Amino acid sequence: MKKLFGREKKEKLKNATHINMGGVYVLGVMYVIFMVVLIAVQANVRYTIRADRLTLLPREELAKLKTEQLERMGSSFQIIQNGQSEADGTASQTEQDTLQEQEIQPGTDEAATQTEQDIQQKQDVHKDTLLVIEEGDAGSEKAQKLYIPVFSQMKIDFDVCTAEAFEPEMIPEYDKIVLAITHYPLLADTIAALKVWVKQGGSLMIAYPPEVSGSYQTLYEILGIKDSGDTTLVEGLHFDKNFMIGGTAKDYYIIDAYDCSLGLSITDDCEVYIRSTDEYSVPLVWRRKAGEGTIVVDNFGILEKAYRGIHCAAYSLMGDYCIYPVINGAAFYIDDFPSPVPGGDGQYITRDYNMSISDFYSQVWWNDIYELAKKHNIYYTGLVIEDYSNQVSGEFVRNREVRRFQYFGNMLLRSGGEIGIHGYNHMPLVLENFDYKDQYDAYIQWPSVEDMRNALDEVLDFTHDLFKDEELLVYVPPSNVLSKEGRELLNETSIRSVAAVYLSTDMAFEQEFEVSEDGMINCPRITSGCVIDEYMELAALSELNLHFVNTHFVHPDDVLDEDRGARLGWAKLYKNLCSYYDWLYKVSPKIRNMTGTELAAAVEHYDLVEVNRSFADDKLTLKLDNFNGENWMLFRMNNGEKLLRVRGGGFDEVADGLYLIRCLKDEVELEIYK
Ligand SMILES: [Zn+2]
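Residue numbers here run from 1 along each chain, matching the order of that chain's written sequence. Only residues with pLDDT of at least 70 are given local features in this predicted model, and only at 80 or more are side-chain atom pairs given and counted; all residues enter the totals for whole chains, interfaces and linings. Note: side-chain values were computed over all heavy atoms of the structure, leaving out hydrogens and water.

(A) Local environment of the overall build of the protein chain. What counts as a helix is a DSSP run of H or I of at least four residues, what counts as a strand is a run of E of at least two, and both are numbered from the N terminus. Assigned secondary structure in the protein chain consists of 18 helices and 31 strands. A fraction of 74% describes how many contacts in the protein chain between residues 6 or more apart in sequence connect residues 24 or more apart. Entry remark: accessible area of the protein chain is about 27900 Å², with carbon and sulfur atoms responsible for 49%. Contact criterion: two residues are considered in contact whenever any of their non-hydrogen atoms come within 4.5 Å of each other. Every accessible area reported is derived by Shrake-Rupley at a probe size of 1.4 Å, with residue values counting cover from the shown protein chains alone.

Structure follows, in structure tokens:
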């Protein structure tokens with residue numbers, strides 16, 4: 001708006017000077033222009049919608065492809081266990097939650113035979129990675145909850161084996177073995193064989209700091225540990241090597257830090273990648289050559305979803321190379337936008353700008369947000385709220401006060417953005433069976449699915465009337481709350497992508513970046529707001545390295561909400577937001593900026609692709625199943641080689657030894673220069 005108005009004004013002013021008009025006329029001309037722009041905006045002058053660079057597969061086709069993929073994946077890996085520790089034969093809750101694998105139940109002859117057959121089968125088919133776990137141990141269960149989804153999402157060919165069932169003869173079946181256990185005495189019979197295997201070329205990783213025991217200490221010789229002490233506090237991460245995207249840009253601090261690592265000293269031949277920021281720093285991730293093989297120690301014990309990318313990066317240091325598919329996309333969603341003027345405490349707007357809430361949004365906030373988008377070529381996705389009412393039943397009356405919607409909506413679309421749906425009002429789509437646990441006093445549940453449907457139909461119709469060329473494909477649940485019933489309902493509308501949250505909080509609808517079985521695409525938001533705390537910074541860093549993705553939620557009403565930093569004033573909040581965007585584009589200038597729908601398409605490409613890797617004669621060949629025109633990968637080489645060329649695609653070095661690979665064919669060849 002500012003730009004359009006400014007340009008026309010300048011031309012008119014030039015004319016005005018030319019024919020020597022007085023100031024009054026200039027004012028008159030400006031007034032006329034203002035009126036014309038106002039009328040144009042109100043008359044809903046046709047905006048141009050930027051053609052999507054990526055488009056979605058039809059819903060049914062996508063659902064079919066996803067279902068087929070799940071059926072295939074269902075038998076691709078299993079837990080190997082011999083049943084000594086589980087008399088009742090049931091899997092732990094974590095395993096049930098995280099796994100979709102075929103599980104072999106212990107305790108019966110049939111199961112034992114089955115296990116033997118499977119082990120036999122695996123001897124025939126060499127696999128990439130074995131994750132060794134400890135049943136019933138809290139630390140190991142946390143690690144499983146982290147590493148199993150990470151390996152699945154990196155599309156690594158892996159098995160999971162309990163420590164009890166782990167036999168020396170299984171070791172040579174794998175290239176990489178990751179030990180995610182707390183009590184190393186469980187491996188008393190295998191440790192010697194593991195050490196021999198590493199020296200002969202195997203790659204071993206310690207997945208998290210375990211309990212120090214005599215058995216663990218027998219590994220010190222190959223791990224490069226001189227001495228170990230107690231668990232120790234880690235207040236922040238310092239990157240010694242530029243091996244992760246964004247790692248060396250700054251130090252990253254840990255909110256609510258606790259003793260999560262082992263205090264230890266290591267030998268000089270260990271290559272330290274990450275250490276703690278503390279005065280007496282502790283090595284957190286290191287790699288070491290041991291004979292022909294390598295070891296990686298991940299001594300950073302925070303195993304939460306927000307830190308996945310750190311552990312993924314540690315894993316990628318194993319062996320000679322690691323390659324995995326990524327999304328490559330950055331999307332910015334704007335909460336309640338467009339919507340009626342938000343209610344709230346405008347005292348800080350009055351304090352700093354002396355204007356109404358409504359004027360502040362059109363004259364200050366939007367200009368700033370718009371300029372920031374222009375600077376980084378961002379395409380926002382705004383989420384419509386039709387009316388701030390409490391209504392959950394009856395007829396949902398059309399909001400006729402549409403000027404604000406047209407004004408902001410058209411500008412959003414003109415700048416290449418997208419309009420999605422937040423709701424008829426801000427009541428989350430939950431029925432009376434949903435428990436708000438007294439946390440949202442103002443929220444009312446919907447009496448029936450039919451009422452939710454009517455309200456959704458109304459806001460879709462309302463938005464479609466205003467923006468006829470928009471398809472309305474993206475939905476963000478109000479307050480991040482969404483029920484199963486609400487989620488199912490969305491698949492009956494035009495909505496193709498649900499953008500809830502990546503990191504869980506209380507009752508928030510938590511998601512992974514993936515396609516659901518019914519064809520809906522989940523594009524969770526990772527970070528939000530203008531106060532980017534240490535936790536969000538680390539989560540953003542982590543996700544750039546695991547999925548090469550960034551999703552941020554902009555709240556227009558931060559400036560009305562003390563909990564979100566209103567007291568700081570908009571100028572300071574805006575500065576925070578600017579420095580976050582600056583950080584993002586400084587550390588990942590190659591990331592693709594996308595609208596919500598484009599990101600959904602990128603997630604679709606990423607999630608469906610299946611990767612077959614083979615390495616021979618300094619060439620890594622990727623064969624991609626479910627290839628759909630384009631895929632992106634992160635490729636790490638660990639021995640200082642260079643990537644020479646990529647046949648069937650292209651590449652960029654995004655950190656030392658880490659490459660972003662663009663695959664344009666279903667068979668891609670990476671030529672490596674040693
Ligand atoms: Zn909202």
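Right, picking up where we left off after that structure.
(B) Focus on the coordination of the zinc ion. Any N, O or S atom lying within 2.8 Å of the metal counts as a donor, with the limit raised to 3.2 Å for Na, K and Ca; because water is left out of the atom set, some sites can appear incomplete. Protein coordination at the zinc ion: the donors are Asp-335 (OD), Asp-336 (OD), His-422 (NE2) and His-426 (NE2), at 2.0 to 2.2 Å from the metal. For the zinc ion, the four donor atoms are set out with angles of 76 to 176 degrees between them, so the coordination reads as irregular. Summarised as a motif, the one-chain spacing of the donors to the zinc ion is D-D-x85-H-x3-H. Of this pair, Asp-336 sits in the loop between β15 (329-334) and α11 (347-353) while His-422 sits in strand β17 (residues 418-423); the two residues are 86 residues apart in sequence, bridging distant segments of the chain. The pair formed by Asp-336 and His-422 is uniform in burial state, with each residue classed as buried. Irregular is the default label, applied whenever a site is not tetrahedral (four donors, all angles between 85 and 135 degrees) and neither square planar nor octahedral (four or six donors, opposite donors over 155 degrees apart, all other angles between 65 and 115). Exposed residues in this analysis have more than 50% of their type's maximum accessible area, buried residues have under 20%, and partly exposed residues fall in between, with area computed by a 1.4 Å probe over protein chains only.

(C) Region of interest: the pattern of salt bridges. For this document, the term salt bridge refers to a Lys or Arg side-chain nitrogen within 4 Å of an Asp or Glu carboxyl oxygen. On inspection of all chains with the given rule, the structure shows 37 salt bridges. Between Lys-127 and Asp-157 there is a salt bridge whose closest N-O contact spans 3.7 Å. Note that Lys-127 is positioned in strand β3 (residues 127-133) and Asp-157 in the loop between α6 (138-153) and β4 (158-162), a separation of 30 residues in sequence. Of the residues examined, Lys-127 reaches a relative accessible area of 10% and is grouped as buried. Overall, Asp-157 belongs to the partly exposed group, its relative accessible area being 35%. Among the ionic pairs, Glu-271 bridges to Lys-241, the shortest N-O distance being 3.6 Å. Taken together, the positions of Glu-271 in strand β11 (residues 271-276) and Lys-241 in the loop between β8 (236-239) and β9 (252-253) put the pair 30 residues apart, joining distant regions of the chain. Glu-271 gets classed as partly exposed once you look at its relative accessible area, which sits at 33%. With a relative accessible area of 29%, Lys-241 lands in the partly exposed category.

(D) Region of the structure containing the sheet that holds strand β28 (residues 642-647). Each pair of strands is called paired provided DSSP finds at least two bridges between the two strands. If you walk across this open sheet you meet the four strands as β25-β26-β31-β28, and the pairing is antiparallel. With partners counted over all chains shown, the strands left at the sheet margins are β25 (610-616) and β28, one partner each. Adjacent strand axes in the sheet meet at a mean angle of 20 degrees when their direction is disregarded. Pairing analysis gives five bridges linking strand β26 (residues 619-625) to strand β31 (residues 667-673), with the strands arranged antiparallel. Along β31, the bridge assignment pairs Thr-621 with Glu-669. Comment: axis = line fitted to C-alpha atoms, over the contacting stretch for helices; angle = value between 0 and 180 degrees taken between N-to-C directions.

(E) Representation of helix α14 (residues 449-466) in the model. An expected span of 1.5 Å times one less than the residue number is assigned to each helix. Compared with an ideal rise of 1.5 Å per residue, which puts 18 residues at 26 Å, α14 spans 26 Å between its outermost C-alpha atoms and is within 8% of the ideal. Buried residues of α14: Asp-451, Met-452, Ala-455, Leu-456, Glu-458, Val-459, Leu-460, Phe-462, Thr-463 and Leu-466, and no others. The inward-facing, buried residues of α14 abut β16 (380-385), α13 (403-414), β17 and α15 (484-490).

(F) Just the pairing of strand β12 (residues 283-290), in detail. Burial analysis of β12 places seven of its eight residues in the buried class, the great majority of the element. Where β11 meets β12, four bridges bridge the pair, whose relative direction is antiparallel. Following the sheet pairing, Ile-274 is matched in β12 by Val-285. Hairpin connection from β11 to β12: six residues lie between these consecutive antiparallel strands. For β12 and strand β13 (residues 293-298), the ladder comprises six bridges, and the chain directions are antiparallel. Paired with Ala-290 across the strands is Gly-293, a residue of β13. Hairpin geometry of β12 and β13 is characterised by an intervening segment of two residues between the two adjacent antiparallel strands and by a positive phi of about 65 degrees at Gly-291.

(G) Structural detail: the packing of aromatic side chains. Note on aromatic pairs: the rings of Phe, Tyr and Trp (six-membered ring only in Trp) are paired at centre separations within 6.5 Å, and the planes decide the class, stacked below 30 degrees, edge-to-face beyond 60, tilted for the rest. A full pass over the atoms with the stated rule returns 38 aromatic pairs. When the ring of Phe-635 is compared with that of Tyr-659, the centres are 6.4 Å apart and the planes differ by 40 degrees; the resulting orientation is tilted. Placement of Phe-635 in strand β27 (residues 631-637) and of Tyr-659 in strand β30 (residues 658-663) is noted, with a sequence separation of 24 residues between them. Assigned by exposure class, Phe-635 and Tyr-659 land together as buried. Each member of the aromatic cluster is reached from another via a ring pair, and the members are Phe-337, Tyr-353, Phe-360, Tyr-361, Trp-365, Trp-366, Tyr-370, Tyr-407, Phe-408, Trp-570 and Tyr-574. A ring is considered to have a charge above it if a Lys NZ or an Arg CZ atom is located within 6 Å of its centre and within 35 degrees of its normal. In this arrangement the basic side chain of Lys-155 is found over the ring face of Tyr-606, its NZ or CZ atom lying 5.3 Å from the centre.

(H) Representation of the sheet that holds strand β14 (residues 321-326). With antiparallel pairing, the four strands of this open sheet are ordered in space as β14-β27-β30-β29. One side of each edge strand has no neighbouring strand; the edge strands of this open sheet are β14 and β29 (649-655). On average, each strand axis in the sheet is tilted by 25 degrees relative to the strand beside it, whichever way the strands run. Of the strand pairs in this sheet, β14 and β27 are connected by six bridges, and their pairing is antiparallel. Directly across from Cys-322, in β27, lies its bridge partner Arg-636.

(I) Examining the side chain of Arg-496 more closely. When you line up the elements, Arg-496 lands in the loop between α15 and β19 (497-498). Despite its burial, Arg-496 pairs with no opposite charge, the nearest such side chain being Glu-604 at 4.9 Å. Those residues in contact with Arg-496 that sit more than four places away from it in its chain are Leu-56, Leu-57, Pro-58, Arg-59, Leu-62, Leu-473, Gly-519, Met-520 and Ile-521. This count recognises Lys and Arg as positive and Asp and Glu as negative, with His and chain-terminal groups excluded.

(J) Geometry of unusual backbone geometry. Across the junction of Phe-337 and Pro-338, the peptide omega takes the value -5 degrees, indicating a cis bond. With respect to the element layout, Pro-338 can be found in the loop between β15 and α11. In this structure, Asn-328 is a non-glycine residue whose phi angle is positive, near 55 degrees. Overall, the relative accessible area of 0% leaves Asn-328 in the buried class. The phi dihedral of Asn-354 is positive, around 50 degrees, even though this residue is not glycine. One can find Asn-354 in the loop between α11 and α12 (357-376). Under the relative-accessibility criterion, Asn-354 is labelled exposed at 65%.

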